[in-house]
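Chains, contacts and geometry: an overview
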Amino acid sequence: MQTITLSSIMQKWADILATNTTIRDFCLETYGKEPMIYIGFNQKKPPTLKDCPVIILFPGNKDEGLEQDTFTYRASVGWSIVNETVDTSTPGIVKYPGVFESDHLGQLIWGALAEASSDNPVSRVFYDLEAVEFFPQIPGRMDLEIDITPPIGATIEY
C-alpha cells in the first residue's frame, strides 16, 4: 500500500524552516538569534522564554486506505516569541508589538510550508495566535492539511 509517514513530513518541514533565510533574518534582526526548531518536544519541560523564538513541529494524523480516492495528512506547527513592550504612541490605542511580531513569524512559516511540495501543496490551514494567556510569550499555532490523490501504479511523493 502507498503511504507517507508523518515523520517524513515533519522532517521535510524542519529542513525547509531551518534553511529559510527570510525566517532566519527576521529572527536575527528582531530577537538577536535564530529560531530553535523542535520536532516534537517534552511537555513537562517546554521551551522557556529564554529559548524563544521557537518553532515546534507536532505530529498529527493521516487518513489513508485502499478504498480512498484522496489521502489526507495533518500536522501542526507552533511558534513562540517573547516581547513584553507596550506601544502607547497613538492616542487611545494600546498596542503590544509582540502580537504583530508573532503573527509576522507565523505568516513567514506559512509561506515557507505552503509550497513544500509543488505537486502537493498545503490544502488547508487553520491558524491561531494566543496573545493573552502566556504573555510576554506570544505563541501561535497552525494546523495544516495536505490532500494527495494517490497515483495509480506509482509512488506517492511529498
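Let us look at the structure shown here. (Residues numbered from 1 in each chain as written. Predicted model: local features only at pLDDT ≥ 70, side-chain atom pairs only at ≥ 80, totals over all residues. Heavy atoms only, no water.)

With respect to the side chain of Thr-72
Relative to the helices and strands, Thr-72 resides in strand S3 (residues 71-82). Looking at Thr-72, the relative accessible area reads 11%, which means it is buried. In terms of polar contacts, Thr-72 uses its side chain to reach the side chain of Asp-147, at 2.8 Å. Beyond its immediate chain neighbours, meaning those up to four positions away, Thr-72 contacts Asn-61, Lys-62, Asp-63, Arg-124, Glu-145, Ile-146 and Asp-147. (Helix = DSSP H or I, 4+ residues; strand = E, 2+ residues; numbered from the N terminus. Buried < 20%, exposed > 50% of the residue type's maximum accessible area, 1.4 Å probe, protein only. Polar contact = N/O pair within 3.5 Å; in protein donor to acceptor, adjacent residues only side chain to side chain. Contact = heavy atoms within 4.5 Å.)

So, the packing of helix H1 (residues 6-18) against helix H3 (residues 97-114)
Interaxial distance between H1 and H3 falls to 10 Å at its minimum, and their mutual angle equals 120°. Regarding the angle of H1 to H3, the classification is oblique. Crossing of H1 against H3: the hand is right-handed. Within the contact between the two elements, H1 uses Trp-13, Ile-16 and Leu-17 and H3 uses Ile-109, Ala-112 and Leu-113. Looking at the contact of H1 with H3 residue by residue, the classes come out as six nonpolar, no polar and no charged. (Axes fitted to C-alpha atoms, helices over the stretch in contact; angles between N-to-C directions. Parallel < 35°, antiparallel > 145°, perpendicular 65-115°, else oblique. Left-handed = near helix turned anticlockwise from the far one by under 90°. Nonpolar A, V, L, I, M, F, W, Y, C, P; charged D, E, K, R; others polar.)

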